[in-house]
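Chain and residue survey
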Amino acid sequence: MANYVITGGAGFIGSHLCDYLIAKGNRVICLDNLITGRTRNIEQLAGNDRFRFIKLDVTNYLFVEGQVDFVLHLASPASPIDYLKYPIQTLKVGGLGTHKALGLAMAKGATFLLASTSEVYGDPLEHPQKETYWGNVNPIGPRGVYDEAKRFAEAMTTAYHRYHGLDTRIVRIFNTYGPRMRMQDGRVVPTFVRQILSGEPLTVFGDGSQTRSFCYVDDLIRGLDSLIHSNVTDPVNIGNPTELTIREFAEVMGRVAGKTPELHFEPLPVDDPKVRQPDISKAKTLLGWEPEVEVEEGLRRTIEWFSTGNRYLLPD
Ligand code: UDP
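This report concerns the structure included in the present document. What you see is a predicted model; the values in this text were computed from it and never measured.

**Focus: the sheet that holds strand E3 (residues 51-55)**
Overall, parallel pairing links the seven strands, which are arranged E3-E2-E1-E4-E5-E6-E11 in an open sheet. Two strands lie at the open edges of the sheet, namely E3 and strand E11 (236-238), each paired on one side alone. Direction aside, neighbouring strands of the sheet carry axes that sit 20° apart on average. The pairing of strand E4 (residues 70-73) with strand E5 (residues 111-117) spans four bridges and is parallel. Pairing of Leu72 across the sheet is with Leu113, part of E5. Relative to the sheet, helix H4 (residues 144-164) contacts E5 and strand E6 (168-173), its axis offset from that of E5 by approximately 155°.

**Focus on the site of the ligand**
Lining the immediate surroundings of the ligand are 18 residues, of which Thr203, Phe205, Arg212, Asp272 and Arg276 lie closest. Between Val188 and the ligand, the recorded distance is 2.8 Å, taken from a backbone N or O atom to an oxygen atom. For the ligand, the protein covers 95% of the area, taking 520 Å² as the surface of the free molecule. Residue assignment for the shell around the ligand shows that the elements contributing at least two residues are helix H5 (188-197) and strand E8 (202-205). By residue class, the composition of the shell around the ligand is seven nonpolar, five polar and six charged.

**Quick word on the side chain of Arg169**
For Arg169, the position within the fold is in strand E6. Arg169 sits in the buried class, given a relative accessible area of 3%. When residues no more than four places from it in sequence are discounted, the contact partners of Arg169 are Thr111, Phe112, Leu113, Leu114, Thr157, Leu227, Ile228, Ser230, Asn231, Val232 and Thr233.

**As for the packing of aromatic side chains**
Counted according to the given criterion, the structure contains nine aromatic pairs. Taken together, a centroid distance of 6.4 Å and an interplanar angle of 85° make the contact between Tyr177 and Phe214 edge-to-face. Remark: Phe214 occurs in the loop between strand E9 (211-213) and strand E10 (215-216) and Tyr177 occurs in strand E7 (residues 176-177); sequence separation between them is 37 residues. A single burial state applies to Tyr177 and to Phe214, both of which are buried. Seen in terms of ring centroids, Phe214 and Phe249 are 4.2 Å apart; in terms of plane orientation they differ by 25°. Their pairing is stacked. In this pair, Phe214 is assigned in the loop between E9 and E10 and Phe249 in helix H7 (residues 246-257), connecting sequence segments 35 residues apart. Like Phe249, Phe214 is buried. Among the aromatic residues, those joined into a ring-pair cluster are Tyr177, Phe192, Phe214, Tyr216 and Phe249. Sitting above the plane of the Trp305 ring, Arg311 keeps its charged end 4.0 Å from the centroid.

**Here we look at unusual backbone geometry**
The step from His127 to Pro128 runs through a cis peptide bond, and the omega angle for that step is -10°. Along the chain, Pro128 turns up in the loop between E5 and H4. A positive phi is found at Leu34, a non-glycine position, where the angle reads about 65°. Within the secondary structure, Leu34 sits in the loop between strand E2 (27-32) and E3. One non-glycine residue, Asn310, lies in the positive phi region at around 50°. Within the secondary structure, Asn310 is located in the segment after helix H9 (295-307). Accessibility expressed as a relative area gives 39% for Asn310, which makes it partly exposed.

**Describing the packing of H5 against H9**
If you want to describe how two helices pack, look at the angle between their axes and the distance between the axes. As a packed pair, H5 and H9 sit with axes 10 Å apart at the nearest point and diverge in direction by 60°. Read as a crossing pair, H5 and H9 show a hand that is right-handed. Residues Val189, Val193 and Leu197 of H5 pack against Leu299, Thr302, Ile303, Phe306 and Ser307 of H9. For the contact of H5 with H9, the residue count by class is six nonpolar, two polar and no charged.

**Notes on the side chain of Gln277**
When you line up the elements, Gln277 lands in the loop between strand E13 (263-266) and helix H8 (281-287). Its relative accessible area of 16% is what places Gln277 among the buried residues. Looking at Gln277, its side chain comes within polar contact range of the main-chain oxygen of Pro241, at 2.8 Å. Ignoring sequence-local partners within four residues, the contact set of Gln277 consists of His127, Pro128, Gln129, Phe174, Ser213, Pro241 and Glu243.

Conventions adopted
Residues numbered from 1 in each chain as written. Predicted model: local features only at pLDDT ≥ 70, side-chain atom pairs only at ≥ 80, totals over all residues. Heavy atoms only, no water. Pairing = 2+ DSSP bridges. Helix = DSSP H or I, 4+ residues; strand = E, 2+ residues; numbered from the N terminus. Axes fitted to C-alpha atoms, helices over the stretch in contact; angles between N-to-C directions. Contact = heavy atoms within 4.5 Å. Near = heavy atom within 4 Å. Polar contact = N/O pair within 3.5 Å; in protein donor to acceptor, adjacent residues only side chain to side chain. Areas by Shrake-Rupley, 256 points an atom, 1.4 Å probe, with all protein chains shown as cover. Nonpolar A, V, L, I, M, F, W, Y, C, P; charged D, E, K, R; others polar. Buried < 20%, exposed > 50% of the residue type's maximum accessible area, 1.4 Å probe, protein only. Phe/Tyr/Trp six-rings, centres within 6.5 Å; stacked < 30°, edge-to-face > 60°. Lys NZ or Arg CZ within 6 Å of the ring centre and 35° of its normal. Left-handed = near helix turned anticlockwise from the far one by under 90°.

Written as structure tokens, this is what we have:
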């Protein structure tokens, strides 16, 4: 049994990680300021004496009593709509929040994991993206607040590793989906799920030829667990390498839902990456990890979760 602190623990990925670690018999302290996280994501853990939730903005102050073995820093708005709505908070949690979380790990002698992102590669000029690629990011574009905050966070994490000898991990998370995404967060998966379930046309941005590669959340969580327990301090991509255009993705969504979706085209957002696909050779070789859930199966589970009790109709 180990003691974990998870920032952003009430968010989509954070809450799945809380569930996973508690199920394995660990103790978890979940910190979240709830701007994009939701207590309903962790309500199943309420009353468990190995789980504690503290409502806290990790950019201001971070103090936790007792022994801590792992600090997992996941706190951040993570959808383009969210980081456009909260640009300063996004920069602060990636910058100041990462600094505070690193400080906590130092003080406790804990291992630190940074949840970084494929967005560090920006609109990539190398395809698929290997960890050695430095990226193509517009610092002052609308996505810059997220991309640059995460790039700064990687630099800060690496500096703590090099200069303070802190034991660190950096995971670059590619597009991930599954139950508990917020219906209105604007990302393509919850948006298409909501639209397909309510019989609306699917909103495809641009001509839909841009590509993404979608990883089911359970696969990601297994990958994070392998990385935490490895000794790999350099960044590692975790994602599903099956690449689809957004138009193809709309077709898969229709197939899984048993419907023929109508498409409604809207302008492509500024700086929307044209391609994205992880090279996961490093994760395969060093962690023995690869995704197992095919996109059809993952979408089936996701659609089922959102249909249960008409969750897709509930407010965010
Ligand atoms: N997208 C779309 N329709 C939507 C939402 C998103 O066509 O209703 C596109 C978006 O332009 C992007 C891709 O789907 O090319 C993935 O977008 P998302 O916001 O999920 O994440 P991103 O990978 O851009 O961070």
